[in-house]
Each structure stands twice: as C-alpha cells, then as structure tokens.
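# Residue-level structure breakdown
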Amino acid sequence: MSDTMLEVRNLRAGYATAKGFVRAVDDVSFSLRRGEFLGIAGESGCGKSTLAYAIMRLLRDNARVESGGLLFKGRDLVPMPAAEVDALRWTDMAMVFQSAMNALNPVLSIGEQLTDAVHAHRSVSRDEAEAMAVEMLALVDINADRLRSYPHQLSGGMKQRVMIAMALILKPELLIMDEPTTALDVVVQRSIIEKIEELRRRLGFSVIFITHDLSLLVEISDSLGIMYAGRLVEYGPAAALFNEPRHPYTEGLMNSFPSLTGPLRRMDGIEGRTPDLLSPPPGCRYAPRCRYARPACSEGGCPGLAPSGEGRLSACPYPMGGRADGGVAGEGGRL
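These lines cover the structure that appears in this document, whether it is placed above or below. Computed from a prediction, not measured in an experiment: that's the story for all the values here. Residue positions are given per chain, counted from 1 along the sequence in the order it is written. pLDDT decides what is reported in this predicted model: residues at 70 or higher carry local features, side-chain atom pairs at 80 or more are listed and counted, and totals for whole chains, interfaces and linings draw on all residues regardless. For the side-chain quantities, the full set of heavy atoms in the structure was used; hydrogens and water were omitted.

Along the protein, the regular secondary structure elements total nine helices and 12 strands. Taken along the three principal axes of its C-alpha coordinates, the protein extends 70 × 50 × 45 Å. Note on areas: these come from Shrake-Rupley sampling with a 1.4 Å probe, and a residue is covered only by the protein chains present in the view. In the form shown here, the protein has an accessible surface area of approximately 15,600 Å², with 51% of it arising from carbon and sulfur atoms. Only four residue types enter the tally: Lys and Arg on the positive side, Asp and Glu on the negative side; His and the chain ends are excluded. Note on charges: their place is set at NZ of Lys, CZ of Arg, CG of Asp or CD of Glu. Computing the positive centroid from 37 side-chain charges and the negative centroid from 40, the protein places the two 2 Å apart. The helix and strand labels rest on DSSP assignments: H or I over at least four residues marks a helix, E over at least two residues marks a strand, and numbering proceeds from the N terminus.

In structure tokens, the structure reads:
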C-alpha cells in the first residue's frame, strides 16, 4: 500500500467575479503521507481556505478548479462524479469548518447533528448511531448528557470540540481543519491543539491544519507549507522551517509573533499588503514587500518551488538570504 494519502498536482482554482477570474490557488503541489500532520500557514486571503474547499470538492457556485489533479488514495477527485465524492466525504475524508460558532445548526441538538452524519453514510439503527455519538464525544472530553444540548448552550471551546467529533465520527483517514481555533482564547486554543494531536496518535488519520497563525503549528506539525498570494513559497519539515526559514516571507511571519523564551526582541511586521490576484505583479509576488528584493525579482515569471537543501523547497531564487545590496544575511539575519 502506498504511503501517500493525498497528492495535489499543479492545482489551479479560483472564483469568477464581475471584474474577472481570481485565481486564489495557483499551481500548488504537495503530498501528504498517511498519519502526517501538515500545517499550512499564510496571511488572510492567500488561498488557504480555497485550497481546502477544492480538496473537499466544496467550492462555491462561482468557483472552479481550472486545472491540476487531486489524488486521494490514488483516485483523482477533480473529474470524479459528484455522487462518488459524496460517498467519500465524512467516511474517508472530513473537514472541520472555520468558526464553529456559525457552523453548527442552531435549531438542532448536538446529538441530532452528530447522528445525521452517521445516518447519511451508514445503515445503522438510531441506538447504534447515538452510541457512536456518545463514544466520539467522550474522545473529545464532552459528557454524554450534552447530546440533548443546543449549540447556544455550549462554550466556544465545546462547540469546536463538537465539530471535531462530528468530523471524526465515521473514522475518516484525512481530516482538514480550516482555522479551527479562530475566535478562541489562547488557553482553549492550546487544549484544542493537544486534543487533535492526541486523537491523531490514537486513530492514525492524516491532518491538514490551515491557519494564519504560524505559532500554532511549529510544535505539532510534521511538515509546513507557507502560502502567499495563491502559491506555495516554502515547504518542508516543520522544525527546519522554524529554525532557519529559506524564504523572506516565512521569515516575516516568524518575526510577527513573540518568542516565549530568550531575550526580548522587537517584532517586525510585514510592510505593505498582499497583491491583487486579478492582476498579480510580474516576477515574485512577494518582491514589492521583500526587504531582500533585487531588481531581477520583479522580472519574468513567478518562481516556483525548487530544492533548497535538507529536503526543503523554496520559491526564493536566493534561498540563503540574498539581499538587494548583493550580500548575504550573516549572523545578524535569520535567512
């Protein structure tokens, strides 16, 4: 059996608007192993959620996959008939949607929403479905008496754990989480992350965890992908990317959150804003905001990922810290 669970090949996807087609995902490729935890980080609007919805075949009516492949356990999801994709969702791959505050149905009890997913894919009795719901709630540390509760009777952290239970109730092999800790305080965020990692070790599923907060991912991810303006700009082992980023955008993200250990240091935000994807700039899309940019960075086509050592990929043609003055960042720089 192949060790690869999911393979994304040169995926291009976006949205049709009155002003033109917005390609929110542009030539993205990566693979996910069985049991792997892949973190995908980047600013808001960089294409992370579009990538997740494309994998799940849940894009909006005005959206489409232009080209590329989405091979899930060897089968391409892009040309697959809708009925076959429906059969895969929740049984083989599932998703925890952004903002549990709004994702749960306010007029149905937690038990009804959990068992609905079971009845949609399994021919089981009501008692069997409820037993599965009780078992899954126990895994996320929620008492069985909450089956009769409605979403407004739960805290934000409990709602998020219910969403995780709902996604895992049929034991899928792939779990996609789209900013599952948004709007939660840092203590609850930590407990959610620890619970996800515990369940992954226990149940053996693969995870794609999408967030704009890179600090959430560095400890628990096996691999990290950094997205900017619809493209992957860096990809590789999480620890290596954290200790020595090879792309200036990754460095900028790292410098945007404080360190919990060591001496105090100034946090440097990334100046400027992300480009308009209706008409992205020539060359490297990060060049207008990059402090290391050279004139050549704004010429030609957008650079793709290329090997940069230690099993890592970077879209920067000067991956060891080329600067505008022609030098290389030494001890004073992280690149």
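Take the environment of Gly74 next. Along the chain, Gly74 turns up in the loop between β4 (63-72) and β5 (75-76). A sequence separation of 174 residues divides Gly74 from Pro248, and the C-alpha atoms of the two residues are 34 Å apart.

Glancing now at the pairing of strand β9 (residues 223-228). Along β9, six of the six residues are buried, which leaves the element largely enclosed by surrounding structure. Under the scheme applied here, a residue whose accessible area is under 20% of the maximum for its type counts as buried, over 50% as exposed, and between as partly exposed, the area being computed with a 1.4 Å probe on protein chains only. Alternating residues of β9 divide into Ser223, Gly225 and Met227 and Leu224, Ile226 and Tyr228, and every residue in both groups is buried. Two strands pair under a simple rule: DSSP has to find at least two bridges between them. When strand β3 (residues 37-41) meets β9, the two strands line up parallel, connected through four bridges. Its bridge partner being in β9, Gly39 is matched across the sheet by Leu224. Linkage of β9 to strand β10 (residues 231-237), two consecutive antiparallel strands, is achieved through a turn of two residues, within which Ala229 is found at a positive phi near 50 degrees.

So, on to helix α4 (residues 110-121). Buried within α4 are the following residues: Ile110, Gly111, Gln113, Leu114, Thr115, Ala117 and Val118. Pairs of residues are marked as contacts when any of their non-hydrogen atoms sit within 4.5 Å. Turning to α4, the residues buried within the fold contact α5 (126-139) and α6 (156-168).

For helix α7 (residues 186-203), which comprises 18 residues, the first-to-last C-alpha distance of 26 Å matches the rise-based estimate of 26 Å (1.5 Å per residue) to within 8%. Among the residues of α7, Gln189, Ile192, Ile193, Lys195, Ile196, Glu197, Leu199 and Arg200 are the ones counted as buried. Where α7 is buried, its residues contact β3, α5, α6, β7 (174-178) and β8 (206-211). Of the residues trailing α7, Gly204 is marked for its positive phi of about 80 degrees. One less than the residue count of a helix, multiplied by 1.5 Å, gives the span that helix is expected to have.

In this section: the sheet that holds strand β2 (residues 20-33). Read across the sheet, four strands follow the order β2-β1-β4-β5 without closing on themselves; strand pairing throughout is antiparallel. If you trace the sheet from one side to the other, it starts and ends with β2 and β5, each paired once. With 11 bridges connecting them, strand β1 (residues 4-17) and β2 associate as antiparallel partners. Each bridged residue has a counterpart across the sheet, and for Gly14 the counterpart in β2 is Arg23. Orientation is described by lines fitted to C-alpha atoms, with helices fitted over the stretch in contact, and by angles between N-to-C directions that extend from 0 to 180 degrees. Helix-sheet contacts for helix α1 (residues 48-55) involve β1, β2 and β4, and the interaxial angle to β2 is about 70 degrees.

With that settled, the discussion passes to the environment of Tyr235. Here Tyr235 lies in strand β10. Each C-alpha atom of the pair Tyr235 and Glu135 lies 36 Å from the other, and the pair is 100 residues apart in sequence. The contacts of Tyr235, once residues within four sequence positions are left out, are Phe30, Ser31, Glu36, Leu38, Ser223, Leu224, Gly225, Leu241, Leu305, Arg312 and Leu313. Polar contact is the term for a pair of N or O atoms within 3.5 Å; when the atoms are in protein, one must be able to donate a hydrogen and the other to accept it, and sequence-neighboring residues count only if both atoms are side-chain atoms. Polar contacts involving the side chain of Tyr235 include one to the main-chain carbonyl oxygen of Ser31, which spans 3.1 Å.

Quick look at the pairing of β3 now. Burial analysis of β3 places five of its five residues in the buried class, the great majority of the element. Bridging between β3 and β8 involves five bridges; their strand directions are parallel. From the neighbouring strand, Phe37 faces β8, where its bridge partner is Val207.

By nonpolar core we mean a set of buried residues, namely Ala, Val, Leu, Ile, Met, Phe, Trp, Tyr and Cys, connected to one another through side-chain atoms within 4.5 Å. Phe30 and Ile208 are the most contacted members of the largest nonpolar core, which has 97 residues in total. Considering each element in turn, this core owes the most residues, eight residues, to α6. Residue contacts for Ile208: discarding those within four places in its chain leaves Leu6, Phe30, Leu32, Leu38, Ile40, Ile55, Leu174, Leu175, Ile176 and Met177.

Of note, the phi angle at Arg57 is positive, near 55 degrees, even though the residue is not glycine. Relative to the helices and strands, Arg57 is located in the loop between α1 and β4.

A separate point is the packing of α4 against α5. Between α4 and α5, whose axes approach to 9 Å, the crossing angle comes to 125 degrees. One element, α4, and the other, α5, form an angle in the oblique class. The way α4 lies across α5 gives a crossing that is right-handed. Residues Leu114, Thr115, Val118 and His119 of α4 pack against Arg126, Ala129, Glu130, Met132, Ala133 and Leu137 of α5. Here roughly perpendicular refers to angles of 65 to 115 degrees, roughly parallel to angles under 35, roughly antiparallel to angles over 145, and oblique to all remaining angles. Handedness of a crossing is defined here by the sense of rotation of the near helix relative to the far one, left-handed for an anticlockwise turn of less than a right angle and right-handed for a clockwise turn.

On the basis of which strands lie adjacent, the open sheet formed by eight strands has the order β6-β7-β8-β3-β9-β10-β12-β11 and mixed pairing. Looking along the sheet, the strands with just one partner apiece sit at the ends: β6 (93-96) and β11 (306-307). With six bridges joining them, β9 and β10 adopt antiparallel strand pairing. From the neighbouring strand, Leu224 faces β10, where its bridge partner is Gly236. Sitting on the sheet, α6 touches β6 and β7, and the angle it makes with β6 is about 170 degrees.

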